[in-house]
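# Close look at the chain arrangement
Below, each chain spelled out in residue letters.
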Amino acid sequence: MKTKNSRFRFNIFFFFLVSTLMFHSPAVFSQSDHTARLIAGAKKEGRLLWYTALNIKDADMLTKTFEEKYPFIKTQTLRLGTFQLLTKIQTEARARAFKGDVIEIAGVTGHILKKDGVFAKYTSPESRFYPDSVKDPDQTWTSFFINTHVLVYNTNLVKKAELPRTFQELINPKWKDKIVMSEDFDIFGMMLKVMGREKGLDFMRRLAAQGVGLRDGYTLAVQGIASGEVPLGINLYGTRTEEFKKKGAPVDWVPMEFVLASLEPLAVGANAPNPNSARLFVDFLLSKEAQGLMRERFRIPSRPDVPPDPPELTKGLKLISTDSSLAEQSKQLAQEFYSIFKPR
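Looking now at the environment of Phe341. In this fold, Phe341 is placed in helix 12 (residues 330-341). Separated by 134 residues in the primary sequence, Phe341 and Leu207 place their C-alpha atoms 8.7 Å from one another. In this view, Phe341 contacts Met181, Phe188, Met204, Leu207, Ala208, Val212 and Leu214; residues no more than four positions away in its chain are not counted.

The next thing to look at is the packing of aromatic side chains. Note on aromatic pairs: each is described by the distance of the centres and the angle between the planes. Applying the stated criterion across every chain, the model contains 16 aromatic pairs. Judged by centre distance (5.5 Å) and plane angle (65°), the ring pair of Phe185 and Phe337 falls under edge-to-face. Separated by 152 residues along the polypeptide, Phe185 in helix 6 (residues 185-195) and Phe337 in helix 12 bring together distant segments of the chain. In this structure Phe337 comes out as buried when scored by relative accessible area, which is 1%. When the centroid spacing of 5.0 Å and the interplanar angle of 35° are considered together, the rings of Phe337 and Phe341 count as tilted. Linking Phe337 with Phe341, this pair stays in helix 12, spanning four residues, or about one helical turn. The same class applies to Phe337 and to Phe341, which are both buried. Members of the aromatic cluster, connected to one another through ring pairs, are Trp50, Phe66, Tyr70, Phe72, Phe281 and Phe284. In this structure, Arg279 is placed above the aromatic ring of Tyr122, and the distance from its NZ or CZ to the ring centre is 5.2 Å. Seen from the ring of Phe129, Arg303 lies directly overhead, with NZ or CZ sitting 4.1 Å from the centre.

A few words now on helix 4 (residues 82-94). Compared with the 18 Å implied by 1.5 Å per residue over 13 residues, the 18 Å span of helix 4 between its first and last C-alpha is a close match. For helix 4, the full list of buried residues reads Leu85, Leu86, Ile89, Gln90 and Glu92. Each buried residue of helix 4 lies within a common arc of 165° when the element is viewed along its axis, so the set occupies one face. Relative to its buried face, helix 4 has exposed residues pointing more than 90 degrees away, namely Phe83, Gln84 and Arg94. Positive phi shows up at Arg96, right after helix 4, with a value of about 55°.

Another point: the packing of helix 3 (residues 56-69) against helix 10 (residues 275-285). Pairs of packed helices are described in terms of their axes, by the angle between the two and the distance that separates them. Contact geometry for helix 3 and helix 10: axes closest at 11 Å, N-to-C directions at 115°. Our classification of the angle between helix 3 and helix 10 gives roughly perpendicular. Crossing geometry of helix 3 relative to helix 10 is assigned as right-handed. Touching Leu62, Thr63, Thr65, Phe66 and Lys69 of helix 3 are Ser277, Leu280, Phe281, Phe284 and Leu285, all from helix 10. Taken together, the residues that form the contact of helix 3 with helix 10 break down as six nonpolar, three polar and one charged.

A few words on helix 11 (residues 288-296). Of all the positions in helix 11, only Ala290, Gln291, Gly292, Leu293 and Met294 are classed as buried. Count one or two residues on from helix 11 and you reach Phe298, which has phi positive near 60°.

This part is about the packing of helix 6 against helix 12. It is the contact of helix 6 with helix 12, at a shortest axis distance of 9 Å, that shows an interaxial angle of 90°. It follows from the interaxial angle that helix 6 and helix 12 lie roughly perpendicular. Taken together, the residues of helix 12 that come into contact with helix 6 (itself represented by Phe185, Phe188, Gly189 and Leu192) are Leu333, Ala334, Glu336, Phe337, Tyr338, Ile340 and Phe341. Tallied by class, residues from the contact of helix 6 with helix 12 come to nine nonpolar, one polar and one charged.

What counts and what doesn't
Residues numbered from 1 in each chain as written. Predicted model: local features only at pLDDT ≥ 70, side-chain atom pairs only at ≥ 80, totals over all residues. Heavy atoms only, no water. Helix = DSSP H or I, 4+ residues; strand = E, 2+ residues; numbered from the N terminus. Contact = heavy atoms within 4.5 Å. Phe/Tyr/Trp six-rings, centres within 6.5 Å; stacked < 30°, edge-to-face > 60°. Buried < 20%, exposed > 50% of the residue type's maximum accessible area, 1.4 Å probe, protein only. Lys NZ or Arg CZ within 6 Å of the ring centre and 35° of its normal. Expected span 1.5 Å × (residues − 1). Arc of directions from axis to C-beta. Axes fitted to C-alpha atoms, helices over the stretch in contact; angles between N-to-C directions. Parallel < 35°, antiparallel > 145°, perpendicular 65-115°, else oblique. Left-handed = near helix turned anticlockwise from the far one by under 90°. Nonpolar A, V, L, I, M, F, W, Y, C, P; charged D, E, K, R; others polar.

By themselves, these observations are geometric and do not establish any function.
Spelled out as structure tokens, the structure:
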């Protein structure tokens, strides 16, 4: 009897063991093994150098959380503006003196660094949670967050019902000398790509004839709208607008017929001195936890299971990721942009 009962208990135990193994994804086990191997290697390295274009407060918040999780890694952050960072990395790479373990930089400049061979190929276990539209098909980077480009307006100067909802409606004479935008050649190039080059150039010429004002940066553009200097802004950041709005500024935004989404590539550096720490950091930045922290900092996570705050920043919108390969046309796009909006 004891033998039968023992066999019965063994069969029950075996059944649950097999069931557990069957119903747990192999990816879970592989991710656990993957992380354990990185931790073992990172403990020997003990350090990490991160090159980033993020503002220093956001960068410090992330590295502090990372070091709390992995106290055996000391993180050093080198923070510069996008084009300063690009120049520094390229200069160091040419001199074979580049020591960066992890790089975070804007999409177009990220494409340049990828072509320069500065990005290592690495597929983080976390990348499976991200759509293909925010990942490099060659597996060198995943977008850390995105920026949506929307129509921003001063709520004291324009009623929502009066707003244009298509780009062509901006050409209405009622908006002459009442529109501002940031000097961004990449967004200019994407507009031409989505609209079709000839139709896009025709639209841009007619938009310029409306007396569009240019601002050196998205924050300055939104500030101008918030102050009442100008009532409308085209292709400005939805997140920056929400940040101003939460501080009581009279600004809001609406999507147009399509919404461009610029990317922020995150990559392990080629020949990273601390490759295990680098991969562990990239895994962390792409994790649900870190993406949630970015949401709290007025960013739009690239990870779909971490919706932005508010969700309307992306919910129901026709998002089109910007094509970072436009970097190869940057000189031509800059010339065309200024010939239209700043003719001599």
